[in-house]
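Here are the chains, one letter per residue:
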Amino acid sequence: MRKDKKQVIGDEIGDEQIKLFLDFEPVDATSPSLHKLIKAYRGLRIDDFERFLGFFVEAGYDVDGKDEQGRTFVELIKDQRNAAEYIELIEKARG
């Protein structure tokens, strides 16, 4: 593969499939908003996560939802390898 080409793994997913991540509900005291963000982070590629955030904000969810220990999504992922891209998207979603 040429260096200037990104490798794409898997098929393109549609908006309806991305919106399914809005249906996940927590089983503990984690806020529903945070739970949905974590599920989407784990299950979607960065481009699809960006599309998800549009639906997420449009549905009225909070990008700063917290878990039982009071940590936000950004605080939970900040030490991970690709976190910077996701944190940038969260900051854009905040407006």
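Above this text sits the structure in question.
Residues numbered from 1 in each chain as written. Predicted model: local features only at pLDDT ≥ 70, side-chain atom pairs only at ≥ 80, totals over all residues. Heavy atoms only, no water.

Enquirer: How should the nonpolar core be read in this particular structure?
Expert: A general tendency of soluble globular proteins is for nonpolar side chains to be buried together. Counting 23 residues, the largest nonpolar core has Leu 37, Phe 49, Phe 52, Leu 53, Phe 73 and Ile 90 as the members making the most contacts within it. The set of elements that each furnish at least two residues to this core consists of helix H2 (32–43), helix H3 (46–58), helix H4 (73–77) and helix H5 (83–94). Dropping the residues within four chain positions of it, Ile 90 is found in contact with Leu 37, Phe 49, Leu 53, Val 63, Phe 73 and Val 74. (Core = buried A, V, L, I, M, F, W, Y, C linked by side-chain atoms within 4.5 Å. Buried < 20%, exposed > 50% of the residue type's maximum accessible area, 1.4 Å probe, protein only. Helix = DSSP H or I, 4+ residues; strand = E, 2+ residues; numbered from the N terminus. Contact = heavy atoms within 4.5 Å.)

Enquirer: Honestly, H2 in this entry has me stumped. Any pointers?
Expert: In an α-helix, one turn spans 3.6 residues, which is why side chains three or four residues apart end up on the same side. Over its 12 residues, H2 extends 16 Å from the first C-alpha to the last, a length consistent with the 16 Å expected when each residue adds 1.5 Å. Regarding H2, the residues found buried are Ser 33, Leu 34, His 35, Lys 36, Leu 37, Ile 38, Ala 40 and Tyr 41. Along its buried surface, H2 packs onto H3, H4 and H5. (Expected span 1.5 Å × (residues − 1).)

Enquirer: Help me understand the pattern of salt bridges, please; the structure alone is not making it clear to me.
Expert: Side-chain pairing between opposite charges can occur once the charged atoms of the two side chains come close. Per the stated rule, a full pass over the model turns up nine salt bridges. Salt bridges sharing partners connect three or more residues here, namely Glu 12, Asp 15, Arg 45, Asp 48 and Arg 51. (Salt bridge = Lys/Arg side-chain N within 4 Å of Asp/Glu carboxyl O.)

Enquirer: Mind showing me how you'd approach a negative patch on the surface here?
Expert: Together, Asp 47, Glu 85, Glu 88 and Glu 91 make up a region of like negative charge exposed at the surface. Take the negative patch: its biggest share by element is three residues, from H5. Mapped onto the elements, Asp 47 comes out in helix H3. (Patch = residues over 30% accessible without salt bridge, like charges linked within 9 Å, V, L, I, M, F, W, Y side chains within 5 Å. Areas by Shrake-Rupley, 256 points an atom, 1.4 Å probe, with all protein chains shown as cover. Lys, Arg positive; Asp, Glu negative; His and termini not counted. Charge placed at Lys NZ, Arg CZ, Asp CG, Glu CD.)

Enquirer: Just checking my understanding: could you explain the side chain of Asp 48 for this structure?
Expert: Turning to its location among the elements, Asp 48 is positioned in helix H3. The exposure class of Asp 48 is buried, given its relative accessible area of 4%. Not counting chain neighbours up to four residues away, the residues in contact with Asp 48 comprise Glu 12, Ile 13 and Ile 18.

Enquirer: Even after reading the chapter, I still don't get the packing of H3 against H5, so can you show me in this structure?
Expert: Angle between the axes and distance between the axes are the two parameters that describe a pair of packed helices. Contact pair H3 / H5: the axes reach a minimum separation of 10 Å and the direction vectors enclose 25 degrees. Classified by the interaxial angle, the pair formed by H3 and H5 is roughly parallel. Our pair here, H3 against H5, has a crossing hand that is right-handed. From H3, Ile 46, Phe 49, Glu 50, Leu 53 and Val 57 reach across to H5, where they touch Glu 85, Tyr 86, Leu 89, Ile 90, Lys 92 and Ala 93. For the contact of H3 with H5, a count of residues per class yields eight nonpolar, no polar and three charged. (Axes fitted to C-alpha atoms, helices over the stretch in contact; angles between N-to-C directions. Parallel < 35°, antiparallel > 145°, perpendicular 65-115°, else oblique. Left-handed = near helix turned anticlockwise from the far one by under 90°. Nonpolar A, V, L, I, M, F, W, Y, C, P; charged D, E, K, R; others polar.)

These figures come from the coordinates and say nothing about function on their own.
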